[in-house]
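Coordinate inspection notes
Below, each chain spelled out in residue letters.
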Amino acid sequence: MEAAGVLGRAEVLARCRARLAGGGGVLLHGPAGLGKTSLIEVLAAEAVARGEFVARSTARPAEAALPYLALSELFGSAYREDTPLSGPLRAALETALLRRPPRDGTRVDPLAVRLAVLELVRRLTEDRRVLLVLDDAQWLDEPSREVLTFVARRCTDGRLRVLAAERAPGGAVPELGGLLPAPAEEVELLPLPPDVVGELVRDRLDLPLPAPVLDRLYAASEGNPFLALELGRLLCGRTTLPWPTEPLPVPDRLRLVLADRLGALPAATRSALVLAAASSRPDLDPATEALRPALESGVLVAQADGRLQFGHPLLGDLVYTDASPGVRRAAHALLAGRSTDPVERARHLALAANGPDPWLADTLFGAAVEAERRGVPAAAAQLARLAAEHGAHDPAVSTARLLASGRYAHAAGLTDQAWEACSAVLRADHRPSRVHARLLLIELANADFTDAPGLLDAAEADTDGDPALLARVHLVRAELALRRTRPDLVRAELARAEDYAERAGDDEALLECLDFRYELENVADPVDFSALLRRAAALAEGRELSRAALSIRRAAALGLVRAGEVTAALEAVTRVLADTERAGSTVALCDVLQAVARIQDRAGLCGASAESGRLAARLRIEIEPTPGRALYQRGTAELADGTVERAVELLDEAVALEERVGDTEWLAGALMSRGRADLLLDQPAPAARRFDRAVELLRGTGAHDPALVLIDADLAEALALSGAPDRAAAVLADARARADRFHRRVVLLGLDRVAALVEGITGSARDAADRLRGLIPARHPYPLEIARAWLTLGELEARARRVGAARGALVRAGELYTRAGCRPWARYAAGRVGRLDAAGLPAPDTERRLIAFIEAGATNQEIARELRVSVKTVEAGLTRLYRRLGVRDRAALRRARSAGEP
């Protein structure tokens, strides 16, 4: 597991490694807590593993006055009595290293110490490279700093490297660059981005945070990983996570600093600050006299627009939590009187109240409904919960409002609050609410179905024969049967759910049943379901934008892309995405983003597809109890626009997790993506095994549409390349039959290219290549299918020994993948070209091969692996290429190429 300061620092590590590999020094600088020490630990450990001599000093404030202490730490173990030094230099060095006391009546000559350390370093670098590590260098004792600066100026042959860390305010110019030998690089550490902070807290503390709480934590930590972990540890100690508008706990070590600043303020100033801290949108007048001391002390700071805000995000939380309950209620009462927004006013009224109040409860629930309508489900959840608490006079109404709070919290991704609300409902004496609470608990558990059967049985027992409630129970039973690959049971339960929904006149439940049936049947049989879609659309017309209505529209968009109408599918799913974002449901947004990523991938928009998939994964990791689905989406995104190696790591973990929870649909997807990674790694046998298993799982769910997922051609290709061409031919024949039944001509190009590959393996590669070349169209609804066909054509031409044609086809494939932003496949195509060239076959010069790799985004290691040469050989070739073209690095080369330069 990566350390706090290393997570999200891959680019910084790469810069440091590159600089240190060529000699010189690196100075990491930035505020405390951003991970400088963690980065130093990693880089130092790597140097030790390479057999280098690593000497380290960690300075401390209390020791800054002790002369030569840092030199003793660095060189105490390296100095030996047989080190060849002249008498005066030896005496000076041994005194500085605390090996001997100064002679009576003499003093240590600073110049002698400098020359002695310089000579010692030169002796050390004769046998191996030396890395000096200076952590917290701002506290180095002055004599040691002067010696190290002296040595750095004179050791510029690359054998001595220095890695230093300096604590400095963000944006400040570092002061210790003189400690570094040339060439030197100063690297400022910036705050981590929000998604990395969320991953850090989740991985280090096992604390997945819903998006609203993560936003609060990120704002409070300001992207500082140390402070984010401190805040996260305090949240771990709570039974439930705070509401997004509640104050965060303040870490003790920070509380001491902040409390001192607040305690020195006058009482009138502290009262004014409580009012600001109680407001979600503080509007502070800089002219208010009571606030002047807060401005002068930095507790408040003025923004560019003249508005005031707390100097540190946690200052407001500390002011609020340290105020007495009475002071807080008075602040909220005052703010309620000032507020013109009904939602904000209701929240302040609730926090100002002291006990149940029926009028207030109704006001709060009305505000909750309004907040949900505005697309702010987190606020709706808190308001509905407050309405339940203030309406204790009517237990049935309060229970229903608790249930509403749980639903709103689930929509906002506040899983802890949703679980808490459901648990409270189950303790109440209100059967209908208990039914819905159990169904919501199943939804909250997501892919973990362990408790689902018991919850469903208890829910059905609580329905008391109510057809509306029975419709909901049987709909969930149908969903559970689908997850467990029981197609016969799925249809029976779905039929019961539809019957109960119609008897109850519950149009929303009926809409959900129709949505489910469309998804189920449309992948199983070649039937025109436009009538079903029209019926569902008519039911959805004029209704609030519900999850079922969104799902119907999402299904329609996916149906368009399966029919090859990709442009129309993109337009439709873009509208669905916009409406989902306005609705404010995080759960629905995850599903829609997944559909967006799939459609963008079919459209050949790999970068956009990866971005959509990664966003969906970030949301899923925050709201789902197990990370399997999120890992699958992240791994699939890596295959679209990332690295195969990272995709393998993510997908292997996803497969293991989905196997454990028994989520067959998502397991099939993870296996399919993992099989594609195998193909990119030239491992067709394991790819075939994974594709086989994925197909088995998909058939178990009733999925037969060959355009649902493009797996048939992949499976056949993996079988053909792993020595099973007869099985490959059988797979292709079955896929063609289903394509005819479903009228899916859009999949035929993929089947044709693999049929040509099978022919090239079992018969004439030349004839197969000629046939495939004639089948490749200029346009196709799925652009990546054309790129894949050119790739297969290149393989066939190589088998036919037509090297020029092979190279041309592979280069064309690489160009198409690069244009689509699909870096893994672009690198794969470039690797195939490189293998042709490395095998000594006729080709242009080496530089053209390197340029192709660079444009595909390949790393030096990947280029070396594909060309089967050493990394040093690649580095030397790139250096010559940069020098000839007059550019400094890869980025400059790509800019020159895009500008049309040679």
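What comes next concerns the included structure.

What counts, and at which threshold
Residues numbered from 1 in each chain as written. Predicted model: local features only at pLDDT ≥ 70, side-chain atom pairs only at ≥ 80, totals over all residues. Heavy atoms only, no water. Helix = DSSP H or I, 4+ residues; strand = E, 2+ residues; numbered from the N terminus. Buried < 20%, exposed > 50% of the residue type's maximum accessible area, 1.4 Å probe, protein only. Areas by Shrake-Rupley, 256 points an atom, 1.4 Å probe, with all protein chains shown as cover. Phe/Tyr/Trp six-rings, centres within 6.5 Å; stacked < 30°, edge-to-face > 60°. Lys NZ or Arg CZ within 6 Å of the ring centre and 35° of its normal. Pairing = 2+ DSSP bridges. Axes fitted to C-alpha atoms, helices over the stretch in contact; angles between N-to-C directions. Contact = heavy atoms within 4.5 Å. Right-handed = clockwise from strand over helix to strand, strands pointing away. Salt bridge = Lys/Arg side-chain N within 4 Å of Asp/Glu carboxyl O. Expected span 1.5 Å × (residues − 1). Arc of directions from axis to C-beta. Parallel < 35°, antiparallel > 145°, perpendicular 65-115°, else oblique. Left-handed = near helix turned anticlockwise from the far one by under 90°. Nonpolar A, V, L, I, M, F, W, Y, C, P; charged D, E, K, R; others polar. Disulfide = S-S within 2.5 Å.

In this section: the overall build of the protein chain. Helix and strand counts for the protein chain stand at 44 helices and seven strands. Classification of the 902 residues of the protein chain by burial places 54% in the buried group. Of the roughly 39100 Å² of accessible surface on the protein chain, a fraction of 52% belongs to carbon and sulfur atoms.

Turning next to the packing of aromatic side chains. By convention here, two paired aromatic rings are described through the distance between centres and the angle between planes. Tallying each qualifying case throughout the model produces three aromatic pairs. With centroids separated by 5.6 Å and ring planes inclined at 90°, the aromatic side chains of Tyr632 and Trp666 adopt a geometry described as edge-to-face. Placement of Tyr632 in helix α30 (residues 628-641) and of Trp666 in helix α32 (residues 664-680) is noted, with a sequence separation of 34 residues between them. Here Tyr632 matches Trp666 in class, with each residue buried. Judged by centre distance (5.5 Å) and plane angle (65°), the ring pair of Trp825 and Tyr828 falls under edge-to-face. Taken as a pair, Trp825 and Tyr828 lie in helix α40 (residues 823-838) at a separation of three residues, close to a single helical turn. Residue Tyr828 is classed as buried on the basis of its relative accessible area of 10%. An aromatic cluster is built from Tyr817, Trp825 and Tyr828, whose rings are joined through pairwise contacts. The residue whose ring lies beneath Arg154 is Phe150, and the NZ or CZ to ring-centre distance is 3.8 Å. Taking NZ or CZ as reference, Arg328 lies 5.3 Å from the ring centre of Tyr320, over its face.

For the rest of this paragraph, the subject is unusual backbone geometry. With an omega dihedral of -5°, the bond running from Ala182 to Pro183 counts as a cis peptide bond. Within the secondary structure, Pro183 is located in the loop between β4 (160-167) and β5 (184-188). Within the chain, Tyr68 stands out as a residue other than glycine whose phi angle is a positive 65°. For Tyr68, a relative accessible area of 12% puts it in the buried group. Despite not being glycine, Asp464 shows a phi value in the positive range, around 55°.

Our focus in this paragraph is the sheet that holds strand β1 (residues 24-30). Working definition: the strands of a sheet are paired by backbone hydrogen bonds and lie parallel or antiparallel to each other. Pairing is parallel in the open sheet, where five strands are placed in the order β2-β3-β4-β1-β5. Each edge of the open sheet is held by one strand with a lone partner, namely β2 (53-58) and β5. Neighbour-to-neighbour, the strand axes of this sheet turn through a mean angle of 15°, independent of strand direction. Seen against the sheet, helix α2 (residues 36-49) touches β1, β2, β3 (130-135) and β4 and runs at an angle of roughly 165° to β3.

This part covers the pairing of β4. By the criterion of burial, β4 is predominantly enclosed, with seven of the eight residues buried. Alignment of β1 against β4, held across seven bridges, turns out to be parallel. Within β4, the position partnered with Gly24 by the bridge is Arg161. Sheet analysis places β3 next to β4, joined by five bridges and oriented parallel. Each bridged residue has a counterpart across the sheet, and for Val130 the counterpart in β4 is Leu160. With helix α6 (residues 142-154) bridging β3 and its parallel neighbour β4, the resulting β-α-β unit is right-handed.

Below, the discussion takes up the pattern of salt bridges. This model, assessed by the stated rule, comprises 51 salt bridges. The salt bridge involving Glu344 is made with Arg347; its shortest N-O contact spans 3.5 Å. With Glu344 and Arg347 both in helix α15 (residues 342-352) and three residues apart, the pair spans about one turn of that helix. Its relative accessible area of 9% is what places Arg347 among the buried residues.

Our next topic: α2. If you check α2, its first and last C-alpha atoms are 20 Å apart, about what 14 residues at 1.5 Å a residue would give, namely 20 Å. Inspection of α2 places Lys36, Leu39, Ile40, Leu43, Ala44 and Ala47 among the buried residues, and these make up the whole buried set. On an axial view of α2, the arc spanned by its buried residues comes to 125°, and they lie on one face. Structural note: α2 exposes Val48 and Ala49 on the side pointing more than 90 degrees away from its buried face. In the core, the buried residues of α2 are packed alongside α1 (10-21), β1, β2, β3 and β4. Just downstream of α2 lies Gly51, where phi reads positive at about 85°.

This next bit is on helix α39 (residues 803-820). Under the 1.5 Å per step criterion, the end-to-end length of α39 is 26 Å for 18 residues, consistent within 8% with the ideal 26 Å. Within α39, the full set of buried residues consists of Val803, Ala806, Arg807, Ala809, Leu810, Ala813, Gly814, Leu816, Tyr817 and Ala820. In the stretch just after α39, Gly821 is the one whose phi turns positive, near 80°.

Turning our eyes to something else, we now look at the packing of α30 against helix α31 (residues 644-661). The contact between α30 and α31 brings their axes to 8 Å, and the two run at 155°. It follows that α30 is roughly antiparallel to α31 by the angle criterion. Considering how the two elements wind past one another, α30 and α31 form a crossing that is left-handed. Residues Gly628, Arg629, Leu631, Tyr632, Arg634, Gly635, Thr636, Glu638 and Leu639 of α30 form the contact with α31, whose own contacting residues are Arg646, Ala647, Leu650, Leu651, Glu653, Ala654, Leu657 and Glu658. When the residues that make up the contact of α30 with α31 are grouped by side-chain class, the tally is eight nonpolar, three polar and six charged.

Bringing the state of the cysteines into the picture now. This structure, assessed with the given rule, holds zero disulfides. Cys822 provides the cysteine sulfur closest to Cys606, a residue in no disulfide bond, and the two sulfurs are 4.0 Å apart. Cys606 sits in the buried class, given a relative accessible area of 0%.

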